[in-house]
Number of protein chains: 4
Amino acid sequence: MAGSSFGNILRITTWGESHGPALGVVVDGCPAGLALEPDDIQAYLNRRRPGQTKISTPRKEADTVEILSGIFEGHTTGTPIAMMVRNTSQHSADYGEIANCYRPGHADYTFDAKYGFRDYRGGGRSSGRETTGRVAAGAIAAKLLKEFGIELTVYTKSIGPFSIDMNKFDRQAILTTPTCMPDTDASAKAEAYLADCMRNYDSAGGVIECLVDGVPAGLGDPVFEKLDANLSKAVMSIGAVKAVEIGDGIAVADRHGSQNNDAFRMEAGRVIKTSNHAGGILGGISDGSQIILRAYVKPTPSIFSPQQTVNKQGENTELSIKGRHDPIIVPRAVVVVESMAALTIADALLMNAGARLDNLKKIYDR
Amino acid sequence: MAGSSFGNILRITTWGESHGPALGVVVDGCPAGLALEPDDIQAYLNRRRPGQTKISTPRKEADTVEILSGIFEGHTTGTPIAMMVRNTSQHSADYGEIANCYRPGHADYTFDAKYGFRDYRGGGRSSGRETTGRVAAGAIAAKLLKEFGIELTVYTKSIGPFSIDMNKFDRQAILTTPTCMPDTDASAKAEAYLADCMRNYDSAGGVIECLVDGVPAGLGDPVFEKLDANLSKAVMSIGAVKAVEIGDGIAVADRHGSQNNDAFRMEAGRVIKTSNHAGGILGGISDGSQIILRAYVKPTPSIFSPQQTVNKQGENTELSIKGRHDPIIVPRAVVVVESMAALTIADALLMNAGARLDNLKKIYDR
Amino acid sequence: MAGSSFGNILRITTWGESHGPALGVVVDGCPAGLALEPDDIQAYLNRRRPGQTKISTPRKEADTVEILSGIFEGHTTGTPIAMMVRNTSQHSADYGEIANCYRPGHADYTFDAKYGFRDYRGGGRSSGRETTGRVAAGAIAAKLLKEFGIELTVYTKSIGPFSIDMNKFDRQAILTTPTCMPDTDASAKAEAYLADCMRNYDSAGGVIECLVDGVPAGLGDPVFEKLDANLSKAVMSIGAVKAVEIGDGIAVADRHGSQNNDAFRMEAGRVIKTSNHAGGILGGISDGSQIILRAYVKPTPSIFSPQQTVNKQGENTELSIKGRHDPIIVPRAVVVVESMAALTIADALLMNAGARLDNLKKIYDR
Amino acid sequence: MAGSSFGNILRITTWGESHGPALGVVVDGCPAGLALEPDDIQAYLNRRRPGQTKISTPRKEADTVEILSGIFEGHTTGTPIAMMVRNTSQHSADYGEIANCYRPGHADYTFDAKYGFRDYRGGGRSSGRETTGRVAAGAIAAKLLKEFGIELTVYTKSIGPFSIDMNKFDRQAILTTPTCMPDTDASAKAEAYLADCMRNYDSAGGVIECLVDGVPAGLGDPVFEKLDANLSKAVMSIGAVKAVEIGDGIAVADRHGSQNNDAFRMEAGRVIKTSNHAGGILGGISDGSQIILRAYVKPTPSIFSPQQTVNKQGENTELSIKGRHDPIIVPRAVVVVESMAALTIADALLMNAGARLDNLKKIYDR
């Protein structure tokens, strides 16, 4: 089954393995006329790139994007935008042992069960490097959304037991702290916690939060293509994410309706809500208030302490993972969550274009 | 945008409004040769039907299914199975006031923002009655899965502050308690709690848990069509669900890798895991252990206490909802979660059929 | 595989068998706000209905449409429009013999090969009655296109050796001649020819032509979703169609480029073409001139003379078809071609809405 | 709209412009375990490559394929196979004039109408070079089909007035004659005819025939995903194709049912047909006999004689095309038709895998 595509009208197809020649993405369905240059993409890829801080793998990967099609004279042409990143830092030797044995918490066993064999080098297709293509595509989606006044703010909300304090929210810090936390105090604590993890040959998990401002009311479809349903799929399709919340999320299960409903009021001639428990989506359709989403990310499964497992021959064995691994997935996944959310909302924007006869008549002006 | 379909190979399309003539579903892509009769469907619809207990709306709806196509001599033919339920208990008069005014927590405002107007009677397309079609289809998916030894167990895990005790798990109670809890003690407490809610003109939320046994390793695709991603979309597409967890879900964010990884071992010649934090899915692909999923459901937004809102004319107003409404969505949504999970897994089973050349050769025996 | 859906944004799903309880269609993705009532649909279904002339089967089927969802206060709501026609004239007894034996030219054998068994009554799902749903949906698409000044003219171009004379073109005659020919002289000759066929227990084929005026330049996508590619699929998906031409069609193979190219000129401030060999589509995209398409339809395979065939047991046998059958498929297929063409062009209109950033900004006016 | 993908389960996405850095394709959904190496692909690309004969453009393009993902240890892994061909022979200067003016018979005008502007160099996305990706993908599909005993034979049937004589059919000649005709006599005449065309600054059209042997009965779906409908779309999506026939094609319109029906008989324990007017497909499903398809290709629209046209400013003008152009599209399109047919049939093979419960049980052996 062709399962490497995402989106309906704006549709991306990613390809590539961790240790193959390259990874990439084809972005199809982007409207013509969007100003776009390689730096727009590279800025996003740089946020995903490893080897930049003490808490990410020391692997150095340039991850320089090459745009291969779909741009002419600095603008999208409406035809597919193909982008590629060459793999340059491949230490296949590091992965010799895992060729034959299933790493706990990884997809090694399930790949073999599904396909009969796998490209085991660096996790192959199930490597976090697959998200390179998502991020390159997400950069385009985010730029497209900006044309409509839609802006995403995505950051690390917590790492292990350390959470940010929204009163200390510092947007700039998302890009400058190694944790991608918008609170330098919380980040310092989280960094110390991660240093501990590394000393113990262990890893940690955390929470990513995504806020989207400027989304007009009306995006999303009322049944299966609900905006929150598609956001959930988008974010759950990122490896290591094990839970997704919209708005108040799990907290709603303990509430009464009188506490959880958001009242409508008029303000400056516009419909607003006096609270936002719903996280900006009602009945699957955006309501014009801020969209709020959280992703819960498991700890990196690659840890250096020895683990019990089995091999391809069906024998019990013990595995000590070597190589270079992040002690936490969260900071580098922040831009991946942003990318997937941007792609989902951009697709919803396009899907909604034909929802009303009167809107269509604005385009086909006759 | 056509947004009323779900699934890739086994694809359903639901249609119908709360107060229209009927609601229904077309199930396309079901393999030929499955024994199926109306009772298989009706048994599922009966679990969704209102008017059966003190904690569901007193509306009486027969919800008798009519199978219109796709079955011949008691078996599926491989062609689309159309099913329909006539609406019989319509009190449109009850909904006069909401024609012009937006109920908090409902999709009234977002429908108008999207489409310019809406069928306001009983919530129209965004009514919980839309799930009738999902449940009729889910009954087929569940029966198909049984042919492959796959079985779903879905129940209410908690209502407000009252949770089940897994040590008292009583499978039969799912079908007999008004709460769909598999623990009669917890159910009794939850019923009292709900009676309180009703006295206060208020409503409550809760949690639904879904366990799937017998899923072979290998279902799901490794990138966007991950089994957990599709399950999340499936469940988040049910109105009122605000969070989804797979396996240990949000708890993983606080863990270390050494705590969260599930070790592999051989047992009776099969690969098993010694724990199941992952909830049966690794890298988006089933690993052969139990699949575990939880959905967090908000309290019914229709409450009888007066609420602040606005009307279509853009004026502030106050609304007191009348009519007949469940004080809680959870018990009736249990079978909806089961249906959506069954549809997702059945689709994954079909999608996986062509994953390997050697498997295809078993079919095209040449 | 779910194969009963057609279209991307405007998507229809048909269901039903010839002798099942009913046939129908779900039309999803129709924009909100289109005025629509049952008569709009019934007018199209009446053109498809049998039993109306000497050259169609004497079966009397009311084919009265019931609209089950998606319309409110006389307008489409943007949600799925479900429509159904009950089967009322079922003579299942007529089909006893074919339960066990494969009619030449029909899908009996291929259905059994694919699914292992089939609903043999009246051809089941492969009956021409399946097109009921297409025509009900096509009526909506045609009405939507009219809002944009797009109009279809579809008619019988030839029956056996008798073709219409374009100089005698009489649009009204399409609806009044039993042949659906827009030329009463040609129709009279064709009727005599068909009377002969019937006397000889035989059947005839013919050609349907479809002209579409008012299509704006720019519809269709440049690669796989070419407008002519989708029109070809649409028309070839009608049983009995064995060839499709766009514009001059097969004639282009004998031409020189200097003969076949259509020159562009300015006329009244608009780009026009001085000829239209291309049939209104260049590079898969509409060019603003008339779209021209022809479908070649085989003779009805159900003939009354005895035929050699095999049965389910794998034995040679002879079959004499009984029952009630049209001596020609063409006249009743005219409205089916019109419906499929309308659906394809309406879908292209919607798909094109997001092709340009400047057009999208007209909708999201910010 | 994302329109650069083709196929349901085996799905390809092509990208790239004539004069961009590269062109390519992503093949998603290919089963794991197929032996595949670059030479399998290169052999097909070489058949499409220009500059090889007197009757193709003298442009020299190496068109060397680079496989970027999806292959491991010489076999497909089940993950997307990305392939790329670098553009090396770009004479952008040749295309200066057409930047501002619409070539008759090309997509220049319609691209501008759709997208507002276009990459005019060499036709950009609407160039025949787009088919590079289709052919690379088609090579994989053809190799997959061979595993199931399915083989395609595709060749030039006629060029202008010169047709092959089936009695002189020489399979080898398809690969050795510059016309791709399987009849060296007819080819010699066609070559002389084309030399004449070139002397007259003109071009020619022709017909391509595609035969597929070994297709098992049962492929294709009975309604919209009919095998012939998908083949028609596949072939019509190739630029310059203006008509498609299945089996006897247009000839059926003049026939009686008694002439056109193919009788079934038993032969060596298998169901066979005593004739094959239907071209191997009944009711949209393969019947086990040879599949027959013909594509009618228009003459190359790029001719060197001056032509009337308009420019972007909306002024009448005259255009004399320069550059390097094939006098005929047919021979180089033969392998494109083969590729699109192979992709369609391979997809049908995969789509059919889940059609029957008993077949699925062979895979999920429980």
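Residues numbered from 1 in each chain as written. Chains lettered and ligands numbered in written order. Predicted model: local features only at pLDDT ≥ 70, side-chain atom pairs only at ≥ 80, totals over all residues. Heavy atoms only, no water.

## Describing the interface of chain B and chain D
For clarity, the threshold we go by: In what follows, residue pairs with any heavy atoms lying within 4.5 Å of each other are defined as contacts. Here the quantity called buried area is the accessible surface, traced with a 1.4 Å probe, that two parts lose on coming together, added over both. When a carboxyl oxygen of Asp or Glu lies within 4 Å of a side-chain nitrogen of Lys or Arg, that pair is called a salt bridge. Helix and strand assignments come from DSSP, with helices taken as H or I runs of at least 4 residues and strands as E runs of at least 2, each series counted from the N terminus. Residues were grouped as follows: Ala, Val, Leu, Ile, Met, Phe, Trp, Tyr, Cys and Pro as nonpolar; Asp, Glu, Lys and Arg as charged; and all remaining residues, including Gly, as polar.
In this complex, chain B contributes 26 residues to the contact, which on the side of chain D involves 26 residues. Contact between chain B and chain D buries roughly 2500 Å² in total, counting both sides, with carbon and sulfur atoms accounting for 66%. At the boundary of chain B and chain D, one finds 2 salt bridges. Taking the shortest distance from any N to any O, the salt bridge between E147 of chain D and K361 of chain B comes out at 2.5 Å. Put simply, the parts of the chain that give the side of chain B that touches chain D at least two residues each are α8 (330–351) and α9 (357–363) of chain B. If one sorts the elements of the side of chain B that touches chain D by residue count, α9 of chain B sits on top with 6 residues. Per-class residue counts for the side of chain B that touches chain D are 16 nonpolar, 5 polar and 5 charged.

## Side note on the side chain of T76 of chain B
Going by this rule: Note on classification: 1.4 Å probe, protein chains only; a residue is buried when its accessible area is under 20% of the maximum for its type, exposed when over 50%, partly exposed between these limits. In the analysis that follows, any N or O atom pair within 3.5 Å is treated as a polar contact, provided that within protein one partner can donate a hydrogen and the other can accept it, and provided that, for residues neighboring in sequence, both atoms belong to side chains.
One can find T76 of chain B in strand β6 (residues 75–76). The exposure class of T76 of chain B is buried, given its relative accessible area of 1%. For T76 of chain B, the side chain forms a polar contact with the main-chain oxygen of P31 of chain B, separated by 2.8 Å. For T76 of chain B, the residues in contact, after removing those within four places along its chain, are C30, P31, A32, G33, L34, L36, G70, I71 and I81 of chain B together with F117 of chain C.

## Comments concerning the relation of the copies chain B and chain D
Note the following rule: Each copy is superposed on the other by least squares, with the fit set by C-alpha atoms of residues at a pLDDT of at least 70 in both.
Relative to chain D, chain B is turned by 180° and slid 0.0 Å along the rotation axis, the superposed coordinates differing by an RMSD of 0.0 Å. Each copy turns onto its partner about a two-fold axis. Most of the interface of chain B is mirrored in chain D: 100% of its interface residues are interface residues there too.

## Describing the sheet that holds strand β3 (residues 22–28) of chain A
Residues and elements named next belong to chain A. Here is the rule we go by: Should DSSP find at least two bridges between two strands, the strands are regarded as paired.
Spatially, 5 strands are ordered β1-β2-β3-β7-β4 in an open sheet, and the strand pairing comes out antiparallel. This sheet does not close on itself; its edge strands, each paired only once, are β1 (5–6) and β4 (65–67). Bridging between β3 and strand β7 (residues 81–86) involves 6 bridges; their strand directions are antiparallel. What sits directly across from V25, in β7, is M83.

## A closer look at helix α2 (residues 108–115) of chain D
Residues spaced three or four apart along an α-helix point in a common direction, a consequence of the helix completing one turn every 3.6 residues. Judged by how many residues are buried, α2 of chain D sits mostly within the fold: 7 of 8 residues are covered. Buried within α2 of chain D are the following residues: D108, Y109, T110, F111, D112, K114 and Y115 of chain D. On its buried side, α2 of chain D packs onto β12 (264–267), β13 (270–273), β14 (281–282) and β15 (285–286) of chain C. Of the residues flanking the end of α2 of chain D, it is G116 of chain D, one or two places downstream, whose phi is positive at about 90°.

## Remarks on the pattern of salt bridges
If charged atoms from side chains of opposite charge come close, those side chains can pair. Applying the stated criterion across every chain, the model contains 96 salt bridges over all chains. In this structure, K273 of chain D engages D287 of chain D in a salt bridge whose closest nitrogen and oxygen atoms are separated by 2.5 Å. Here D287 of chain D lies in the loop between β15 (285–286) and β16 (291–297) and K273 of chain D lies in strand β13 (residues 270–273), a separation of 14 residues in the sequence. For the pair formed by K273 of chain D and D287 of chain D, the shared burial category is buried. Connected through shared salt-bridge partners, R103, D108, D112, R118 and K312 of chain A make up one network.

## Regarding helix α5 (residues 184–199) of chain A
Put simply, the rule reads: Expected span of a helix: the number of residues minus one, times 1.5 Å.
Taking 1.5 Å per residue, 16 residues should reach 22 Å; α5 of chain A reaches 23 Å between its end C-alpha atoms and fits that length. Turning to α5 of chain A, the residues buried within the fold contact β8 (151–159) and β9 (162–163) of chain A.

## Some details on the interface of chain B and chain A
Each partner contributes to the interface: chain B provides 105 residues, whereas chain A provides 105 residues. For the pair chain B and chain A, the summed buried surface comes to about 8400 Å²; carbon and sulfur atoms form 60% of the total. Summed over the shared surface of chain B and chain A, the number is 4 salt bridges. Here K233 of chain A ties to E225 of chain B by a salt bridge, and the two come within 3.0 Å at their closest N and O atoms. Put simply, chain B and chain A have 48 residue pairs in polar contact (both at pLDDT 80 or more) between them. A per-element tally of the side of chain B that touches chain A places helix α2 (residues 108–115) of chain B first, with 7 residues. Alignment of strand β11 (residues 241–246) of chain A against strand β11 (residues 241–246) of chain B, held across 3 bridges, turns out to be antiparallel. When the bridges of β11 of chain B are listed, V244 of chain A appears paired with V244 of chain B.

## Quick word on the relation of the copies chain B and chain A
By a simple turn and slide, chain B fits onto chain A: the slide is 0.0 Å along the axis, the RMSD is 0.0 Å, and the turn is 180°. Mapped onto chain A, 100% of the interface residues of chain B are again interface residues, and the two copies thus contact each other with one and the same surface.

## Section: the packing of helix α6 (residues 227–236) of chain D against helix α8 (residues 330–351) of chain D
Residues and elements named next belong to chain D. Inclusion rule: Each axis is a line fitted through C-alpha atoms, and for a helix only the stretch in contact is used; angles between axes span 0 to 180 degrees, taken between their N-to-C directions. Handedness of a helix crossing follows the sense of rotation of the near helix relative to the far helix, less than a right angle counterclockwise being left-handed and clockwise being right-handed.
Following both chains from N to C, one finds α6 and α8 inclined at 145°, their axes separated by 9 Å at the closest point. Considering only the axes of α6 and α8, their crossing is right-handed. Across the interface between the two elements, L227, N230, L231, A234 and V235 of α6 pack against V337, M340, A341, T344, I345, A348 and M351 of α8. Along the lines of polarity and charge, the residues of the contact of α6 with α8 split into 10 nonpolar, 2 polar and no charged.

## Here's the deal with the sheet that holds strand β16 (residues 291–297) of chain C
Spatially, 10 strands are ordered β9(C)-β8(C)-β10(C)-β16(C)-β11(C)-β11(D)-β16(D)-β10(D)-β8(D)-β9(D) in an open sheet, and the strand pairing comes out antiparallel. Edge positions in the sheet fall to β9 (162–163) of chain C together with β9 (162–163) of chain D, since each has one partner strand and no second. Most of the contacts of α8 of chain D go to strand β8 (residues 151–159) of chain D, to which it runs at about 145°, and overall it touches β8, β10 (206–213) and β16 of chain D.

## Some thoughts on the packing of aromatic side chains
Think of a pair of aromatic rings as described by two things: how far the centres are apart, and how the planes are tilted against each other in angle. As a reminder, the rule being used: Any pair of Phe, Tyr and Trp rings, taking the six-membered ring for Trp, is counted once the centres come within 6.5 Å. Such a pair is stacked with planes under 30 degrees apart, edge-to-face with planes over 60 apart, and tilted for the rest.
What the rule picks out here adds up to 36 aromatic pairs over all chains. For the pair Y102 of chain B and Y109 of chain B, a centre-to-centre distance of 5.3 Å together with 70° between the ring planes defines the contact as edge-to-face. Among the residues examined, Y102 of chain B registers a relative accessible area of 6% and is labelled buried. Here Y109 of chain B falls in the buried class, since its relative accessible area comes to 14%. Seen from their ring centres, F162 of chain D and Y193 of chain D are 5.8 Å apart, and the 65° between their planes marks the pair as edge-to-face. Taken together, the residues span a long stretch of sequence, with F162 of chain D in strand β9 and Y193 of chain D in helix α5 (residues 184–199) at a distance of 31 residues.

## Comments concerning the environment of M83 of chain D
Residues and elements named next belong to chain D. Structurally, M83 can be placed in strand β7 (residues 81–86). Since its relative accessible area comes to 2%, M83 is described here as buried. Remark: the alpha-carbon pair of M83 and A35, spanning 48 residues in sequence, is separated by 16 Å. In contact with M83, not counting residues within four places along its chain, are W15, L23, G24, V25, V27, I41, V65, E66, I67, A136, A137 and I140.

## A closer look at the environment of F169 of chain D
Residues and elements named next belong to chain D. Following the sequence through the fold, F169 ends up in the loop between β9 and α4 (173–176). For F169, a relative accessible area of 30% puts it in the partly exposed group. When the C-alpha positions of F169 and D326 are compared, they lie 25 Å apart, and in sequence the two are 157 residues distant. If near-sequence neighbours (up to four positions away) are discounted, F169 is found in contact with T153, Y155, I174 and P182.

## Some details on unusual backbone geometry
Here C180 of chain C, not a glycine, exhibits a phi torsion of approximately 65°, which is positive. Relative accessible area serves as the criterion here: at 13%, C180 of chain C is assigned to the buried category. In this structure, A240 of chain D takes a positive phi of about 85° despite not being glycine.

## Examining the pairing of β11 of chain B
Residue and element names in this part refer to chain B. Among the 6 residues in β11, 6 count as buried, and that is most of the element. The sheet contact formed by β11 and strand β16 (residues 291–297) spans 5 bridges and is antiparallel. Note on β16: the bridge partner recorded for E245 is R294.

## Points about the confidence of the model for chain A
Here is the rule we go by: pLDDT: the predictor's confidence for each residue, scored from 0 to 100.
Averaged over all residues, the pLDDT of chain A equals 94, while 95% of them reach at least 70. With pTM at 0.97, the complex prediction returns an ipTM value of 0.97.

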